Amino acid sequence: MKKSKIVDKGFGTKPKKSLVFTGTLTYPKGDTYDGDLKSEENPIPHGYGKHEATNGDIHVGEWKDGKLNGQATYSSLEDSKTNEKHFYKGEWKDNMKHGKGFYRIINLKTVKAQTYDGEWAFDEYDGKGTTTTFDGEILKGIWKKSKLIKEIK
């Protein structure tokens with residue numbers, strides 16, 4: 001990882017525990033991160049920042065020890081094989097959708113969308129949630145590992 005710049009946003013010249021460092025990181029495969037860093041000695045995402053992958057995926061939000069933790073968004077470019085774009089807004093834990101969140105997939109060829117609004121655990125639907133399929137069917141209920149286990153009318 002190449003460190004491009006680190007900016008001291010603190011006051012004074014001596015580092016303090018509450019000092020916030022910001023910078024731009026460029027990873028070996030070309031991904032970039034711009035935002036708060038843990039420290040000058042350990043420049044990993046920690047605080048608020050934006051990660052852009054070379055495939056067009058973008059994550060913006062709260063980071064802890066180099067991983068998404070807290071509120072964040074994810075968006076993708078159109079996948080040339082599926083004609084789909086993905087978007088997620090909600091809670092994250094250790095780089096996985098975890099907590100409450102909203103997920104949308106849009107098929108740009110058919111101009112149809114599929115959504116899920118509800119609880120997540122380890123990147124899967126888990127708990128109360130509602131999904132709307134590409135065909136318009138609405139499924140509301142309790143989910144476990146992305147499978148509807150109890151429908152709620």
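Our subject is the structure that appears above.
What you are looking at is a predicted structure, and each value in this text was computed from that prediction instead of being measured. (Residues numbered from 1 in each chain as written. Predicted model: local features only at pLDDT ≥ 70, side-chain atom pairs only at ≥ 80, totals over all residues. Heavy atoms only, no water.)

Description of the overall build of the chain
We count it as follows: What counts as a helix is a DSSP run of H or I of at least four residues, what counts as a strand is a run of E of at least two, and both are numbered from the N terminus. The buried label goes to any residue with under 20% of its type's maximum accessible area, the exposed label to any with over 50%, and the partly exposed label to all in between, with areas taken from a 1.4 Å probe on protein chains only. Residues count as neighbours in contact if any of their non-hydrogen atoms are within 4.5 Å of one another.
For the chain, the count of helices and strands is zero helices and 12 strands. Each helix and strand of the chain, ordered N terminal to C terminal, gives the series β-β-β-β-β-β-β-β-β-β-β-β. The burial tally for the chain puts 34% of its 153 residues in the buried class. Considering only contacts within the chain whose residues lie at least 6 apart along the sequence, 13% involve residues at least 24 apart.

Side note on the packing of aromatic side chains
For the record, the criterion: Ring geometry is summarised as follows: Phe, Tyr and Trp rings, the Trp one being its six-membered ring, pair when their centres sit within 6.5 Å, and such pairs are stacked at plane angles under 30 degrees, edge-to-face over 60 and tilted between the two.
Tallied over the entire structure, the rule returns 10 aromatic pairs. For the ring pair Tyr-103 and Trp-120, a centre distance of 5.8 Å and an interplane angle of 80° mean the geometry is edge-to-face. With a gap of 17 residues between them, Tyr-103 in strand β8 (residues 96-107) and Trp-120 in strand β9 (residues 112-121) connect regions that are remote in the sequence. With a centroid separation of 5.3 Å and an interplanar angle of 90°, the aromatic rings of Tyr-125 and Trp-143 are classed as edge-to-face. Of this pair, Tyr-125 sits in strand β10 (residues 124-132) while Trp-143 sits in strand β11 (residues 138-144), placing them 18 residues apart in sequence. Here the two residues Tyr-125 and Trp-143 agree in accessibility, since each one is buried.

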